[in-house]
Amino acid sequence: MLSIVVEHIFLLVIVTLISVLQNAFFATKVEREGKEHNNKTAFERVSCANRNCMDSYPTFLAVMWCAGLCLNQAPAAFAGIIYLVARQKYFVGYMGQTSQSTPGYLFGKRVLSFLILMCIVGIFNYLLLRYFGSDYKDTMEMITNAASALLLIP
Amino acid sequence: MLSIVVEHIFLLVIVTLISVLQNAFFATKVEREGKEHNNKTAFERVSCANRNCMDSYPTFLAVMWCAGLCLNQAPAAFAGIIYLVARQKYFVGYMGQTSQSTPGYLFGKRVLSFLILMCIVGIFNYLLLRYFGSDYKDTMEMITNAASALLLIP
Amino acid sequence: MLSIVVEHIFLLVIVTLISVLQNAFFATKVEREGKEHNNKTAFERVSCANRNCMDSYPTFLAVMWCAGLCLNQAPAAFAGIIYLVARQKYFVGYMGQTSQSTPGYLFGKRVLSFLILMCIVGIFNYLLLRYFGSDYKDTMEMITNAASALLLIP
């Protein structure tokens, strides 16, 4: 049974692994800054950036997995990758001393909205299939696949 | 295969989505307070409330999904809704300047205990089914469905 | 269908429940220290230890579940138990006033690396099975089962 399951989630697992490695990278940065002891502001900046990233991490994971399970894993995993890139840019921008980047508290709102929309479409589609017998799943998957390309637009 | 899976988790997905929207609401509150800069205490209160909520969020998600997968999704999703209402009341109470509400560090203990109990019953039931061949699943589901109504009592 | 699922995840659910109980234990410790009001340093130590534990909790859960779903639940659950023991030691060590233990920001790196490796092996194995038709799953499971015993070496 498990290989059937793995077939439908392996892209999600890969994105999760990449996000875990990114978390480890962030944590290493924080630990290195904490050991130096001579730059209080830098440590606080890194620590704050890390905390903001970690605060939204469970939300991201939950939404990505729900979207992947309800509709289709390919666009969900793609949106996950986009989110990770946005997070990396946010963290690096937060660390920089120059005020070239003034990141807010939130980031990746567009990606998360897209994933939430995927979940809603997936559940709606399931309910349609159950109560009316009409299956738009193939159409929906095609549309979300196309829509996920729109996320690349900055 | 996926539509079979969606059938058993769609209520959990809906509750997860609502919790994500609530997280977004909390984060927006924190960001708005952070931008005003003139009220340090209010920002700290909101930030602290948000952090307490976020600290227990992965725990809540893990327990709710385990309970939903092991036993039945309907009471698990219902308990999840109750937990979200408790969290909303906690957050709003924490934000208020008046000391009408003095929330502690923990909240929603009763709901989480109920969900943990559901997990244990589900696993116990599976082990009984495996080693003794006796299936009390239907009885268990009926009892948990009834017990979840008790959560409404304040 | 669900009892088939429960068969493959019940060990993971048990470990998740234990981790939730441990979280509750940590939170109770923090709340009790916070109520005493007379020992600021102790409260900060406990709060910091709790926050470090909570920061890495979603990462741990995600990796453990992925490893358990992709390859085999038994070694994943065993590694999870080892991680929980490491976390307990970390938390208790952080709380102690004596400097006998100077825990860093990170802990349980070895266990998490092992779980990540399990995920990668599982996905690799699935891809091999899909594109080449060769199934090394049994061999892989045997090796990971044996390797998980190595985690016990301090």
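Residues numbered from 1 in each chain as written. Chains lettered and ligands numbered in written order. Predicted model: local features only at pLDDT ≥ 70, side-chain atom pairs only at ≥ 80, totals over all residues. Heavy atoms only, no water.

### Examining the overall build of chain A
Part 1 of the argument: Along its length, chain A carries six helices and zero strands.
Part 2 of the argument: Here chain A holds 154 residues, and the buried ones make up 49% of them.
Part 3 of the argument: In chain A, of all internal contacts separated by at least 6 residues, the share reaching a separation of at least 24 is 79%.
Part 4 of the argument: Carbon and sulfur atoms provide 65% of the accessible area of chain A, an area that totals close to 7500 Å². (Helix = DSSP H or I, 4+ residues; strand = E, 2+ residues; numbered from the N terminus. Buried < 20%, exposed > 50% of the residue type's maximum accessible area, 1.4 Å probe, protein only. Contact = heavy atoms within 4.5 Å. Areas by Shrake-Rupley, 256 points an atom, 1.4 Å probe, with all protein chains shown as cover.)

### Some points on the interface of chain C and chain A
Part 1 of the argument: Between chain C and chain A, the residue contacts involve 25 residues of the former and 24 residues of the latter.
Part 2 of the argument: Taken together, the connections running from chain C to chain A amount to one residue pair in polar contact (both at pLDDT 80 or more).
Part 3 of the argument: Put simply, the parts of the chain that give the side of chain C that touches chain A at least two residues each are helix 1 (2-36), helix 2 (40-55), helix 3 (57-70) and helix 5 (109-131) of chain C.
Part 4 of the argument: Considering every element that reaches the side of chain C that touches chain A, the biggest residue donor is helix 5 of chain C, with nine residues.
Part 5 of the argument: Each residue belonging to the side of chain C that touches chain A can be placed in one class, and the counts come to 17 nonpolar, three polar and five charged. (Polar contact = N/O pair within 3.5 Å; in protein donor to acceptor, adjacent residues only side chain to side chain. Nonpolar A, V, L, I, M, F, W, Y, C, P; charged D, E, K, R; others polar.)

### What about the side chain of B:Asn23?
Part 1 of the argument: Tracing the sequence through the fold places B:Asn23 in helix 1 (residues 2-36).
Part 2 of the argument: Beyond its immediate stretch of four places on either side in the chain, B:Asn23 contacts A:Thr59, B:Met54, B:Tyr57 and B:Arg87.

### Remarks on the relation of the copies chain B and chain C
Part 1 of the argument: Of the transformation superimposing chain B on chain C, the axial component is 0.0 Å and the angular component is 120 degrees, with the fit at an RMSD of 0.0 Å. The transformation just described matches what one would write down for a three-fold rotation axis. Among all C-alpha atoms of chain B, that of B:Pro58 lies closest to the rotation axis, at 3.5 Å. (Least-squares fit on C-alpha atoms with pLDDT ≥ 70 in both.)

### A word on the interface of chain B and chain C
Accessible area lost upon the coming together of the parts serves often as the stated size of an interface.
Part 1 of the argument: The interface of chain B with chain C comprises 25 residues on the first partner and 25 residues on the second.
Part 2 of the argument: Approximately 2200 Å² of surface area, both sides summed, lies buried where chain B meets chain C, with 79% of it carried by carbon and sulfur atoms.
Part 3 of the argument: Along the contact surface separating chain B from chain C lie zero salt bridges.
Part 4 of the argument: In this structure, the connection of chain B to chain C is made through one residue pair in polar contact (both at pLDDT 80 or more).
Part 5 of the argument: For the side of chain B that touches chain C, the elements supplying multiple residues, two or more each, are helix 1, helix 2 (40-70) and helix 4 (109-131) of chain B.
Part 6 of the argument: By residue class, the composition of the side of chain B that touches chain C is 17 nonpolar, three polar and five charged. (Buried area = accessible area lost by both parts, 1.4 Å probe. Salt bridge = Lys/Arg side-chain N within 4 Å of Asp/Glu carboxyl O.)

### Details of the UniProt feature "transmembrane region" (unreviewed entry) in chain A
Part 1 of the argument: Using the residue numbers shown here, the UniProt feature "transmembrane region" (unreviewed entry) corresponds to residues 6-26, 60-86 and 111-132 of chain A.
Part 2 of the argument: Measuring from the first to the last C-alpha atom of residues 6-26 of chain A gives 29 Å, for a span that is 100% helix and 0% strand. (UniProt positions renumbered as here; feature names shortened; annotations may be inferred.)

### A few points about helix 3 of chain C
Part 1 of the argument: Its 14 residues give helix 3 of chain C an end-to-end C-alpha distance of 20 Å, which sits within 8% of 20 Å, the value for a rise of 1.5 Å per residue.
Part 2 of the argument: For helix 3 of chain C, the tally of buried residues reaches 14 of 14 residues, placing the bulk of the element in the interior. (Expected span 1.5 Å × (residues − 1).)

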